Amino acid sequence: MNQHRAFMPQDRREFLRASAWGAAATTVAGMGMSRLGSAETPELTASALLPTRPASIQVLMPRDRVPLSFIIDDSTCLVNMGHFCTPQFATALPNRSEYQKPWRSWPREIPDSFVRKFGQWCASQGVKGKYSIVPNPACVGWLDRELPGWSRSELQSSLKLVRELMLPNWDIHPEMITHTRVIDLKTGRPMQEISAATMENSYPQEKKSVDELAAYLAYALRLVKNCDLPCEGITTPGGFGNSMKAELPIAVDQAVRDVYGIDLPHYFKYVISGDQSTEPKLEHLRGVGTDDVRVTVNVPAGTGDWFGGWQGDSLSEPDRYCNAAATSGRMVELIGRRQPAVMICHWPGMYSNGSEEGFRSFQRVVGSLASRFADDTIWMKVSEIARYWAAKQLTEISRVGNRLMLTAPFATERFTLQVDGGSGPVSLQQGNDRTLLREATDRSTLDAGTWIAYDQKLVACFDLPKGTSELVLAATS
């Protein structure tokens, strides 16, 4: 529950009350754990390792559009994390005023009927993102076994809804095991002590080995896997891993690979503010120049949570994302800068303790963005953004005459290249397979399997296969 997803050690409520991004960027806090993006994020990508390319070739964003995504934290099956987490945080930090709220009056459940309404509407609008599944939410019960307070059939029905409705458009992440109490992996029970030191949002407070950190992540991942849910990455609960930021991407890589066998793990931890880039960062990169390139992708968000808050009791401020005309707001700013525009929220804030005020505000933001930027943006899952950026930065490209040789360590969809002075027709060849790309009618119709030429440039969009392939342009005289 990322009421503890912090920029600086101040209260997250101050962040929601702040009127400007600059002020907001120093708040959203909890338990004194910093979450400022670039200043805190380990830069483990060695630029010298990245492939060089001809000056005439540039890798653009997918479909030459700005990626949009929506990161949802504190979501799980049935359990309203705002209701169940608040008293546990109050015990660990009894002097924090935000934990003294009337949590007993809040609903204990966020019903599947709301999940269905939300998921169906998002699917109709093409919205994609990340949806957490906390596997032992606030220690209420185990999603792969029993959830006391709900029948087994209700739990299984809730998991089935996530699989069938959410999975096509949403990545599933564990937000560690409980999002409240640290679990002793030897016993499967919460640590006996209750304090900031034994809450996941500030775990671990002392250095541990990478293997120990990876073991904790893997425990959460195995629970999600037991629920028959796929997963390519993790979300940290607030300040989780703050004492081991350099080691965290290594632990993510180990855990996700071990449990799910994924070739490209990613994670969400950081929020980027101000003028700093929101592009994903490649961390723990190794094997460049071999057939076994490995890397962990750190995908940040670019906004704060300005919807209903982690407890679901705050009024939304949708204009901070974008105003009704989509002429101002953080999302408009990021789209204008042509950088990934990733929003965050907390699931209780979408439900808003039954009023659904946060969801209505989100619907307005999505509609406003579409009214102005439909042809300039593309909704993507977090894993899709991670995969695209890995391919964007690590694919080797060389040119001989009218042929571009591509060596890609990772496949990705809608890979988009701009070639100065190129002309069509264009085809993609891998081995003996040759595919002719179609000419797009205009830039707005550019999609996988098409190309367009304008202003002495050619832009080609295609699904990039892993390994070696060639993009063949029209021969020049």
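Described below are features of the structure shown in this document. Numbers given for residues are sequential positions, taken from 1 along each chain in its written order. Under the rules for a predicted model, residues below a pLDDT of 70 receive no local features and side-chain atom pairs below 80 are neither given nor counted, while totals for whole chains, interfaces and linings still include all residues. Hydrogens and water molecules were not included; the side-chain quantities draw on all heavy atoms of the structure.

### Some remarks on the overall build of the protein
At step 1: Assigned secondary structure in the protein consists of 12 helices and 21 strands.
At step 2: For the exposure calls, accessible area comes from a 1.4 Å probe over protein chains only, and a residue counts as buried if that area is under 20% of its type's maximum, exposed if over 50%, partly exposed in between. Burial analysis of the protein (477 residues in total) assigns 60% to the buried set. For helices the rule is a DSSP run of H or I covering at least 4 residues; for strands it is a run of E covering at least 2, with both sets numbered from the N terminus onward.

### Topic: the packing of aromatic side chains
At step 1: Two rings belonging to Phe, Tyr or Trp (six-membered ring only in the last case) form a pair when the distance between their centres is within 6.5 Å. Interplanar angles under 30 degrees mark stacking, angles over 60 mark edge-to-face geometry, and anything in between is tilted. The tally for this structure, following the rule as stated, stands at 26 aromatic pairs.
At step 2: With 6.1 Å between their ring centres and 25° between their planes, phenylalanine 118 and phenylalanine 362 make a pair best called stacked. With phenylalanine 118 in helix H5 (residues 112–125) and phenylalanine 362 in helix H11 (residues 357–373), this residue pair connects regions lying 244 residues apart in the sequence. Of the two residues, phenylalanine 118 and phenylalanine 362, both sit in the buried class.
At step 3: Aromatic side chains phenylalanine 415 and phenylalanine 462 sit 5.9 Å apart centroid to centroid with 70° between the ring planes, which places their arrangement in the edge-to-face category. Of this pair, phenylalanine 415 sits in strand S15 (residues 412–420) while phenylalanine 462 sits in strand S20 (residues 457–464), placing them 47 residues apart in sequence. The pair phenylalanine 415 / phenylalanine 462 is uniform in exposure class, with both members buried.
At step 4: The positively charged end of lysine 225 is found above the aromatic ring belonging to tyrosine 260, 5.6 Å away from the centroid.
At step 5: Put simply, a charge is over a ring when the Lys NZ or the Arg CZ is close to the ring centre, within 6 Å, and near the line of the ring normal, within 35 degrees. The lysine or arginine in question, lysine 269, covers the ring of tyrosine 270, its NZ or CZ lying 5.7 Å from the ring centre.

### Thoughts on H11
At step 1: The end-to-end C-alpha distance of H11, which contains 17 residues, comes to 24 Å, matching closely the 24 Å that a straight helix rising 1.5 Å per residue would cover.
At step 2: Among all positions in H11, only Glu357, Gly358, Phe359, Ser361, Phe362, Val365, Val366, Ser368, Leu369 and Phe373 are buried.
At step 3: For H11, the secondary structure elements touched by its buried residues are strand S2 (66–73), H5, helix H9 (330–337), strand S11 (341–346), helix H10 (347–351) and strand S12 (377–379). Here a helix's expected span is defined as the number of its residues, less one, multiplied by 1.5 Å. Contact criterion: two residues are considered in contact whenever any of their non-hydrogen atoms come within 4.5 Å of each other.

### Details of the side chain of arginine 257
At step 1: With respect to the helices, strands and loops of the structure, arginine 257 is situated in helix H8 (residues 248–260).
At step 2: The exposure class of arginine 257 is buried, given its relative accessible area of 17%.
At step 3: By the criterion applied in these results, polar contacts are pairs of N or O atoms within 3.5 Å in which, for protein atoms, one can donate a hydrogen and the other can accept it, and in which residues neighboring in sequence qualify only through two side-chain atoms. Within the structure, arginine 257 has its side chain in polar contact with the backbone oxygen of aspartate 263 (distance 3.0 Å).
At step 4: Those residues in contact with arginine 257 that lie beyond four places of it in its chain are Ile262, Asp263, Pro265, Arg286, Arg294 and Val295.

### Re H9
At step 1: Those residues of H9 that fall on the buried side of the exposure criterion are Arg330, Met331, Val332, Leu334 and Ile335.
At step 2: Where H9 ends, the next residue or the one after it, arginine 338, has phi of about 55°, a positive value.

### Examining the sheet that holds strand S17 (residues 433–436)
At step 1: Two strands qualify as a pair provided DSSP detects at least 2 bridges between them. With antiparallel pairing, the five strands of this open sheet are ordered in space as S13-S14-S21-S16-S17. Taken across any chain shown, the strands that pair with only one partner, and hence form the sheet edges, are strand S13 (396–400) and S17. Looking at each pair of strands side by side, their axes are set apart by 20° on average, direction ignored.
At step 2: With three bridges connecting them, strand S16 (residues 427–430) and strand S21 (residues 467–472) associate as antiparallel partners. Pairing of leucine 428 across the sheet is with leucine 471, part of S21. To obtain an axis, a line is fitted to C-alpha atoms, over the contacting stretch when the element is a helix, and the angle between two such axes runs from 0 to 180 degrees between their N-to-C directions.

### Digging into unusual backbone geometry
At step 1: Of note, the bond from tyrosine 203 into proline 204 is cis; its omega dihedral lies within 30 degrees of zero at -10°.
At step 2: Its location among the elements puts proline 204 in the loop between strand S6 (189–190) and helix H7 (210–226).
At step 3: Although it is not a glycine, leucine 78 adopts a positive phi angle of roughly 70°.
At step 4: Residue position: leucine 78 is located in the loop between S2 and helix H4 (81–92).
At step 5: Look at histidine 284: it is not a glycine, yet its phi comes out positive at around 55°.
At step 6: Summarising the element assignment, histidine 284 is placed in strand S9 (residues 281–286).

### Re the environment of asparagine 201
At step 1: Structurally, asparagine 201 is set in the loop between S6 and H7.
At step 2: Considered as a pair, asparagine 201 and glycine 238 are 37 residues apart in the sequence and their alpha carbons are 4.9 Å apart.

### Remarks on the packing of H7 against H8
Two packed helices can be described by the angle between their axes and the distance between those axes.
At step 1: Remark: H7 packs on H8, axes separated minimally by 8 Å, with the N-to-C direction vectors making an angle of 40°. Looking at the two axes, H7 sits oblique to H8. Considering how the two elements wind past one another, H7 and H8 form a crossing that is right-handed. For the pair H7 and H8, contact is made by Val210, Asp211, Leu213, Ala214, Leu217, Ala218, Leu221, Arg222, Val224 and Lys225 and by Leu248, Ile250, Ala251, Val252, Gln254, Ala255, Val256, Val259 and Tyr260, respectively.
At step 2: Following the grouping adopted for this structure description, the nonpolar residues are Ala, Val, Leu, Ile, Met, Phe, Trp, Tyr, Cys and Pro, the charged ones are Asp, Glu, Lys and Arg, and the polar ones are all others, Gly among them. Here the residues of the contact of H7 with H8 sort into 15 nonpolar, one polar and three charged. The labels follow the angle: roughly parallel below 35 degrees, roughly antiparallel above 145, roughly perpendicular from 65 to 115, and oblique for the rest. Take the far helix as the reference: if the near one is turned anticlockwise from it by less than a right angle, the crossing is left-handed, and if turned clockwise, right-handed.

### Looking at the pattern of salt bridges
At step 1: Salt-bridge detection follows one rule: a side-chain nitrogen of Lys or Arg within 4 Å of a carboxyl oxygen of Asp or Glu. Taken as a whole, this structure holds 24 salt bridges when the rule is applied.
At step 2: Residues arginine 152 and glutamate 146 are paired through a salt bridge, measuring 2.0 Å at the closest nitrogen-oxygen approach.
At step 3: Among the salt bridges present, the one from glutamate 333 reaches arginine 337, with a minimum N-O distance of 2.9 Å. Pair noted here: glutamate 333 and arginine 337 are both in helix H9, with a separation of four residues, about one helical turn.
At step 4: Under the relative-accessibility criterion, glutamate 333 is labelled partly exposed at 32%.
At step 5: Residue arginine 337 is classed as partly exposed on the basis of its relative accessible area of 26%.
At step 6: Salt bridges sharing partners connect three or more residues here, namely Asp64, Arg338, Asp376 and Arg443.

### Thoughts on the pairing of strand S19 (residues 450–454)
At step 1: As defined by bridge partners, strand S18 (residues 438–439) adjoins S19 across two bridges and the pair is classed as parallel. Residue glutamate 439 lies in a different strand from S19, and its bridge partner there is tryptophan 451.
At step 2: As paired elements, S19 and S20 share five bridges and run antiparallel to each other. If you follow tyrosine 454 over to S20, its bridge partner there is lysine 457.
At step 3: Counted between consecutive antiparallel strands, the loop separating S19 from S20 contains two residues, among which aspartate 455 sits at a positive phi close to 50°.

### A few points about the packing of H5 against H11
At step 1: Where H5 contacts H11, the two axes come as close as 12 Å, and the packing angle between them is 0°. Taken together, H5 and H11 sit at an angle that is classed as roughly parallel. Between H5 and H11, the residues in contact are Phe114, Lys117, Phe118, Trp121, Cys122 and Gln125 and Phe359, Phe362, Gln363 and Val366, respectively.
At step 2: Residues belonging to the contact of H5 with H11 are distributed by class as follows: seven nonpolar, two polar and one charged.

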